[in-house]
Amino acid sequence: MSRIPPSLLYLTIYNPTLKPPQRQLLDPEDEDAEELAHILFHTAREHAVSRDKILRQVGLAKALVNFSEMFNAGVPCENVHSQARRMIMLSPEPNFWIHACYEVAKTPRPSPSPTKPKEASKGKAKSKGKGPEQKSRPAVQYDYHDGSVHDEALRTHFQRGYEGFKLLHGSFTSVLSTLGQQALELQLERFFTIWAWKWDIDDEDFGTHLGIPLHPVHSRLTPLLESFTSNLPEELLVFALIPPYVIPPRNARYPPALVHYVLSRIPPPPTPVARNNASGHGASTAPPTFPNTLTAPIPSGHSKQDSVTTASIATSLLTIPTMPTMPTMPAMNLTLDPKNFKWNWPGYLTFGRSPAGSKPSSSPHTPPAIAVDGIVPTGDSELKSDVTADRKKSETLDVDTASLLEAISTESMGSYTRAASPTPSALSRSSQLGESSSQDVAENSSPVESGASPVQGDGDTIEPALTSPHASLEPIMTNVAAARATPAFLRSAVYLASPTNPLATERKRVLHLTQQGECTVAIIVDMDHTLDIGQLAGDTVALIASLCKVVEEKTRLKDETIPSATKILQPKDRYIIASGEYTTTSTAGFTSRSEHLYDGQKLLRSDHDVVEVFSRGQNPQHWYIGKRNLGTTPDGEAIDGEAYMEISRKETTLTDVDNELAGVVRRFTEQP
């Protein structure tokens with residue numbers, strides 16, 4: 001039978017100290033007004049949930065917390081297990097509680113086998129003469145998988161959700177004190193309704209909830225980042241990203257949610273465009289040529305305003321520069337033969353049918369005259385002057401080059417923002433943290449902040465004009481290339497807590513720049529900063545170039561090393577070490593969903609003072625190890641962290657596994 005994955009049943013956020021408005025207290029018919037005032041947010045898998053059911057769910061969470069505090073003062077209830085469900089209670093701020101209920105994975109049991117034919121015939125004989133009895137369908141029985149939902153993973157996930165809300169809107173306490181309860185409920189609904197239903201617990205591996213992965217060569221990249229930050233004010237926060245890795249400074253002062261937020265806003269790399277032509281040597285970037293002596297013919301019987309010169313058309317086409325990365329059309333031949341060219345103006349959009357009540361004209365249609373070099377063969381001097389005037393008018397056409405450069409310079413911008421379904425039944429399985437605050441709409445109307453701008457100091461926009469249809473596109477293309485080469489920051493606004501008071505949040509500006517398709521540098525500044533953005537962008541590009549150079553050199557040296565046949569055929573050991581907010585993994589990476597690792601982590605973080613955990617599975621027979629208290633650094637400082645390892649070699653013994661773990665921990669403590 002198919003396995004049904006674990007899923008969220010409901011999520012609620014409440015504060016038991018909130019009071020309802022005075023008008024609701026005076027209403028004698030509303031007995032639950034005080035209890036309803038405690039609930040700030042609620043969402044459930046069911047599309048419609050009654051008020052009584054919501055009150056029972058929140059009341060059960062309150063009762064469990066109060067009951068547990070009777071035995072351990074100050075240690076509230078955090079988890080409740082049953083055969084089919086897991087309940088979690090998390091208090092990220094004083095008096096604020098996040099309560100969620102998950103259903104564990106389950107597998108339907110096979111239906112019981114049907115009765116034998118003899119027994120069935122006897123049953124029919126006994127029921128003869130009685131009315132037809134409708135047999136009720138037996139209820140489906142399930143086998144529940146207890147290890148499909150883990151407490152530490154759930155707690156980390158909801159803590160990250162709170163940090164994500166705090167990053168975009170501020171803490172619960174600050175929003176409640178500044179904007180009021182109604183505004184807090186609105187912001188909670190906008191954020192957590194999308195966030196709660198887009199997480200697929202089956203897609204998470206063990207290393208995801210341990211921290212942010214450090215770059216494998218971060219020990220060589222961090223000094224470059226420190227050299228860059230030494231020229232900036234001390235209050236600025238700087239870190240670099242090479243997805244999915246982070247390159248932090250030595251003294252990190254930012255929350256982990258900020259790293260996930262910037263990762264979600266990195267624009268995707270531009271899509272490469274193939275350049276092919278008939279010769280196979282790439283597309284030509286030369287602009288198409290147009291004959292300048294041809295004027296569009298003027299049909300007889302029409303007004304003078306219908307005459308449009310080809311020079312005017314060519315001039316308007318020249319205002320749009322040919323993109324160097326897009327294939328171009330070959331040069332078009334617009335030479336018209338008046339003898340073979342026919343204008344069917346009277347039958348325009350009639351599809352060959354004459355309108356009702358009208359008779360076709362018996363007089364033959366006179367072919368229009370073709371004006372060459374401004375000379376109209378018909379001899380109409382007035383018409384000739386109009387053609388010449390239209391041509392002169394087209395020669396003085398102005399081009400809004402500033403808008404053109406701005407549009408081209410921002411053509412490759414994007415984000416990973418994705419829309420979420422309003423109902424849990426059609427939700428995406430992907431995960432995403434980034435959601436812009438509603439307060440940023442008016443302020444962040446322009447997503448680009450760069451040093452170069454097409455606007456002069458007095459506010460006048462530079463708008464060069466083409467003086468003739470023969471004007472060259474080289475100046476425009478030069479400006480376009482300069483605009484593309486100019487580094488530009490993407491910016492957004494977040495809320496960061498002060499070091500002394502985690503509930504007091506302050507609005508900050510995030511500037512991040514991505515170069516070479518993968519490396520990103522993020523800088524957190526004040527909203528009213530006075531930095532030279534142009535100079536800062538240039539220095540950031542130089543930093544990214546130096547970081548990428550080190551990474552490419554390390555990759556080249558790794559590719560030049562030829563491994564032995566034994567190392568290629570032998571299964572590689574995988575490990576992950578979590579220290580603080582970051583993780584370090586083996587070369588092969590660490591992706592595991594084994595229950596042995598979760599159980600070992602639970603023992604290490606329990607109150608039983610467990611230091612090491614060794615376990616071995618049956619199928620496959622892999623070793624799983626967990627260890628805390630990693631030792632001391634060369635300077636004598638204690639390293640507080642956890643190390644987890646998975647060894648897939650069947651012939652290894654317990655002694656070999658212990659030696660492998662000791663070697664991994666020793667190399668980690670000895671690195672600079």
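Residues numbered from 1 in each chain as written. Predicted model: local features only at pLDDT ≥ 70, side-chain atom pairs only at ≥ 80, totals over all residues. Heavy atoms only, no water.

**Student:** Residue-level account of the overall build of the protein chain, with values.
**Tutor:** Along the protein chain, the regular secondary structure elements total 17 helices and 21 strands. Relative to its 672 residues, the protein chain shows a buried fraction of 37%. Looking at the protein chain as shown, the accessible area adds up to about 39,800 Å², and 53% of this sits on carbon and sulfur atoms. (Helix = DSSP H or I, 4+ residues; strand = E, 2+ residues; numbered from the N terminus. Buried < 20%, exposed > 50% of the residue type's maximum accessible area, 1.4 Å probe, protein only. Areas by Shrake-Rupley, 256 points an atom, 1.4 Å probe, with all protein chains shown as cover.)

**Student:** A description of the packing of aromatic side chains should follow, citing residues and the corresponding values.
**Tutor:** Going through the model one piece at a time under the given rule, you end up with 17 aromatic pairs. The interplanar angle of 45° and the centroid separation of 6.4 Å between the aromatic rings of Tyr142 and Tyr144 together place this pair among those described as tilted. A relative accessible area of 24% means that Tyr142 is categorised as partly exposed. Both rings, one in Phe239 and one in Tyr254, keep their centres 4.7 Å apart while their planes meet at 35°; by these two values the pair is tilted. (Phe/Tyr/Trp six-rings, centres within 6.5 Å; stacked < 30°, edge-to-face > 60°.)

**Student:** Mind laying out the packing of helix H5 (residues 151-169) against helix H9 (residues 256-264), listing which residues take part and the relevant values?
**Tutor:** The N-to-C vectors of H5 and H9 enclose an angle of 75°; their axes lie 9 Å apart at closest approach. Between H5 and H9, the interaxial angle falls into the category roughly perpendicular. Mapping the contact onto sequence places Arg160, Glu163, Gly164, Leu167 and Leu168 in H5 and Ala257, Leu258, His260 and Tyr261 in H9. Per-class residue counts for the contact of H5 with H9 are five nonpolar, two polar and two charged. (Axes fitted to C-alpha atoms, helices over the stretch in contact; angles between N-to-C directions. Parallel < 35°, antiparallel > 145°, perpendicular 65-115°, else oblique. Contact = heavy atoms within 4.5 Å. Nonpolar A, V, L, I, M, F, W, Y, C, P; charged D, E, K, R; others polar.)

**Student:** How would you explain the sheet that holds strand S3 (residues 79-81) if you had to name every residue and give the values?
**Tutor:** Taking strand neighbours across the sheet as the criterion, the five strands line up as S2-S1-S5-S4-S3 in an open arrangement whose pairing is antiparallel. The open sheet has two edge strands, strand S2 (39-44) and S3, and neither has a second partner. Strand-to-strand, the axes of this sheet are offset by a mean angle of 10°, without reference to chain direction. Bridging between strand S4 (residues 85-93) and strand S5 (residues 96-103) involves seven bridges; their strand directions are antiparallel. The partner of Glu93 across the bridge, within S5, is Phe96. Together, strand S1 (7-14), S2, S3, S4 and S5 form the strand contacts of helix H3 (residues 51-69), whose direction differs from that of S1 by roughly 75°. Packing against the sheet, helix H7 (residues 181-197) makes contact with S1, S2 and S5, and its axis sits at approximately 25° to S2. (Pairing = 2+ DSSP bridges.)

**Student:** Explain a nonpolar patch on the surface to me, and be specific about the residues and the numbers.
**Tutor:** On the surface, Phe67, Met70 and Phe71 cluster together into a nonpolar patch covering about 410 Å² of accessible area. Counting through the fold element by element, Phe67 comes out in helix H3. (Patch = residues over 30% accessible without salt bridge, like charges linked within 9 Å, V, L, I, M, F, W, Y side chains within 5 Å. Salt bridge = Lys/Arg side-chain N within 4 Å of Asp/Glu carboxyl O.)

**Student:** Help me get a handle on the sheet that holds strand S8 (residues 212-213), residues and values and all.
**Tutor:** Spatial ordering of the open sheet is given by S8-S16-S15-S21-S18-S17, a layout of six strands whose pairing is mixed. The open sheet is flanked by S8 and strand S17 (612-616), the only strands paired with a single partner. As paired strands, strand S15 (residues 574-579) and strand S16 (residues 582-585) are joined by four bridges and run antiparallel to one another. What sits directly across from Ile577, in S16, is Thr584. Each of S15, S16, S17, strand S18 (623-628) and strand S21 (641-647) is contacted by helix H17 (residues 654-670), which is oriented at about 135° to S21, the strand it contacts most.

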